[in-house]
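# Summary of structural features
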Amino acid sequence: MSAFLDIEASLTGRRWIGPAPQLDRTAEAMAQATGLPYPVCLVLARRGVAPEGAEAYLAPALRDLLPDPRSLLDMEKAATRFLTAVERRERIAIFADYDVDGGTSAALLIDWLRQSGREATLYVPDRIDEGYGPNDEAMATLAAAHDLIVCVDCGTLSHGPVAAAKGADVIILDHHLGGETLPDALAVVNPNRQDESGDLAHLCAAAVVFLMLVEAGRQLREAGRKGPDLMAMLDLVALATVADVAPLIGVNRAFVRQGLRVMARRERPGLVALADIAGMDSAPAAYHLGFLMGPRVNAGGRVGRADLGARLLASADPFEAQAMAERLDQLNAERREIEAGVQAAAMAQAEARGLDAPLVWAASDGWHPGVVGIVASRLKEAANRPAIVIGFDGEIGKGSGRSISGVDLGAAIQKLAGEGLLLKGGGHKMAAGLTVTRDLLEPAMARLSELLARQGAGTGGAADLALDGLLMPGAATTDLIAQLDAAGPFGAGAAAPRHVFAQMQITFAKRVGERHLKIRFGDGTGPQLDAIAFGAFDGPIGPALEGHGGKRFHLAGRLELNIWRGRQTAQLRLEDAAPG
């Protein structure tokens, strides 16, 4: 496919790729059939939505999209055992992963139990001392003091630790890829078990927990009793879905849409404190969950106390929540400092190795295990390739990986572990973790690159920028943004539309702070549009547009609402530019 507007190398060195001709024709036909704006129809066409399904897609109803919990293996058994423990006042422990998905999963259970007049012990393993998932010692200790252990966002590959939980029943609510055999737990509810259909493989762990609570509510109703209000818990499910980079398709869209509405009511002390400390001054959106709230919840598990995020989310005390949010904000700042050093070294190493292979990777001694996943995400974004970053402590390296759409990294990592090239490894399509010995690092990465190439990794241009066609400034209205938002939320598996304003004349340019640029542009005859380019002076965009000298430019980015003193206007978040 030829480059869009013939831009083979923009100011940032990227090749612009426009919509395929067939997609363009489909969107045009949908616009004629539905009366919807073409940009909205292009988003729907990308999602495979037919004209007759446009209305339902733009207003997803949870009642229509929520799957039957019993469609998941072991679900009925898990909910029944959970309710039995509640009714008999048995001692319940929750073993949760240390990330956002684990924290929200634990908070869902704790909230539900608290509303039912019950309590639970929360256990979150230390990332450095214990590593990911259940371990023998922790499970044995919990089993000695509890009747039921519920493992959330972990446990599917934990055969030994589950066996060590003698005297207690174990329920696993997870979404990580399962192996050929399952642990000897009372129930393993996981849409990514190998004997599952895969129809719900896109769910995060918090969504699986939510479905178990839906099943528990059904069993309570069948017995003539009423359980807690589950709709009020969707704020937690939304946060987990976005922060864990679950694809925003199917019921996940409804979870996030409804969850954002619940979050806007500001009823959960932990999320209120988190929003305030992050400086959120507008209604919550998927962006806030992924880039403001999620990193702060994760910070405790990365560089501080592992259970801090889960405790914040489960807190019912506004003062306690505020104190925990402040601490997480401090830890997040520390995390950014640590990350910056690792990222610079990892990027230099990866660039020296080459960013055009099917896999981009970097490894070194002393890299903090709490930031290798974030740095892997940065490498993935820079190269448009799956990325692995590994930190070694002696002869053992612990790493994390992030993938691109259409490439199942978790399955490849698990295969690698099965071949003996890793001490252990697993995950899901978009993210995975691994442990490797120093002597097997090079062959393991070479083999992983080979496995990922078979899935198509490395075929796209590292610098390709996908675009959704042309817009004029006069068409970029608040009404269009609202209609585009109805096609969201946008995120993993559902990229936000990115438009180009061609041959634009810059009429105003002003540096904002040290790194950012504010501009106003138009075609010289019609309406003008404001744009903000964050980090513009970290690269060539800032100097080129600030010193435009009257030259025209093609400007690419995403439309968004700018709210200032109660007034809403359309604005372009500028991501790239090229001489016109």
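Note: the structure precedes this text.
One structure accompanies this document, and this report is about it. (Residues numbered from 1 in each chain as written. Predicted model: local features only at pLDDT ≥ 70, side-chain atom pairs only at ≥ 80, totals over all residues. Heavy atoms only, no water.)

### Details of unusual backbone geometry
Peptide bonds are trans in most cases, and residues, glycine excluded, mostly fall at negative phi. Cis geometry marks the peptide bond from Gly488 to Pro489; its omega dihedral reads 5°. One non-glycine residue, Arg89, lies in the positive phi region at around 55°. Not every positive phi belongs to a glycine, and Val245 is a case in point at roughly 55°. Mapped onto the fold, Val245 is located in the loop between helix H10 (234-243) and helix H11 (251-264). (Helix = DSSP H or I, 4+ residues; strand = E, 2+ residues; numbered from the N terminus.)

### Considerations on helix H16 (residues 372-383)
In this model H16 runs 16 Å from its N-terminal to its C-terminal C-alpha over 12 residues, within 8% of the 16 Å that 1.5 Å per residue would give. Burial of H16 is extensive: 9 of the 12 residues sit out of reach of the surface. Along H16, the positions that sit buried rather than exposed are Val372, Gly373, Ile374, Val375, Ala376, Ser377, Leu379, Lys380 and Ala383. Contact partners of the buried residues in H16: helix H13 (286-303), helix H15 (318-353), strand S7 (360-365), strand S8 (387-393) and strand S9 (396-402). (Expected span 1.5 Å × (residues − 1). Buried < 20%, exposed > 50% of the residue type's maximum accessible area, 1.4 Å probe, protein only. Contact = heavy atoms within 4.5 Å.)

### Regarding the packing of aromatic side chains
Scanning the model with the defined rule gives 5 aromatic pairs in all. Plain terms: the ring middles of Phe210 and Phe255 are 5.6 Å apart, the flat faces sit at 80° to each other, and that makes the pair edge-to-face. Here Phe210 is found in helix H9 (residues 205-222), whereas its partner Phe255 is found in helix H11, with 45 residues between them in sequence. With respect to burial, Phe210 and Phe255 carry one shared label: buried. Considering the side-chain rings of Phe501 and Phe521, the 5.4 Å spacing of their centres and the 65° angle between planes classify their relative orientation as edge-to-face. Of this pair, Phe501 sits in strand S13 (residues 499-512) while Phe521 sits in strand S14 (residues 516-522), and the two are 20 residues apart along the sequence. Taking the relative accessible area as the measure of exposure, Phe501 reaches 0% and is therefore buried. Residue classification places Phe521 among the buried positions, given a relative accessible area of 0%. Above the ring of Phe537, the side-chain terminus of Arg511 is found at 3.6 Å from the ring centroid. (Phe/Tyr/Trp six-rings, centres within 6.5 Å; stacked < 30°, edge-to-face > 60°. Lys NZ or Arg CZ within 6 Å of the ring centre and 35° of its normal.)

### Comments concerning the sheet that holds strand S4 (residues 148-152)
Ordered in space as S3-S2-S4-S5-S6, the 5 strands form an open sheet in which the pairing is parallel. Strand pairing shows two members of the sheet lacking a second neighbour, strand S3 (121-123) and strand S6 (187-189), which therefore form its edges. Averaged over all pairs of adjacent strands, the angle between their axes in this sheet comes to 15°, without regard to strand direction. The pairing of strand S5 (residues 169-173) with S6 spans 3 bridges and is classified as parallel. Its bridge partner lying in S6, Ile172 is registered against Val188. (Pairing = 2+ DSSP bridges. Axes fitted to C-alpha atoms, helices over the stretch in contact; angles between N-to-C directions.)

### Comments concerning the packing of helix H17 (residues 409-418) against helix H18 (residues 441-454)
Across the interface, H17 lies against H18 with an axial gap of 10 Å and an inter-helix angle of 135°. In terms of axis orientation, H17 runs oblique to H18. Crossing angle aside, the handedness with which H17 passes H18 is right-handed. Note on element contacts: H18 touches H17 through Ala444, Arg447, Leu448, Leu451 and Leu452, opposite Leu409, Ala412, Ile413, Lys415 and Leu416. Of the residues contributing to the contact of H17 with H18, the split by class is 8 nonpolar, no polar and 2 charged. (Parallel < 35°, antiparallel > 145°, perpendicular 65-115°, else oblique. Left-handed = near helix turned anticlockwise from the far one by under 90°. Nonpolar A, V, L, I, M, F, W, Y, C, P; charged D, E, K, R; others polar.)

### Things to note about the nonpolar core
Residues Trp112 and Leu213 are the most contacted members of the largest nonpolar core, which totals 85 residues. Looking at this core, the element that brings in the most residues is H9, giving 11 residues. In this view, Trp112 contacts Phe82, Leu83, Val86, Leu213, Ala216, Leu220, Pro228, Leu230 and Met233; residues no more than four positions away in its chain are not counted. Formed by 43 residues, the second largest nonpolar core is a distinct cluster that contains Leu23, Ala487, Phe537 and Ala577. (Core = buried A, V, L, I, M, F, W, Y, C linked by side-chain atoms within 4.5 Å.)

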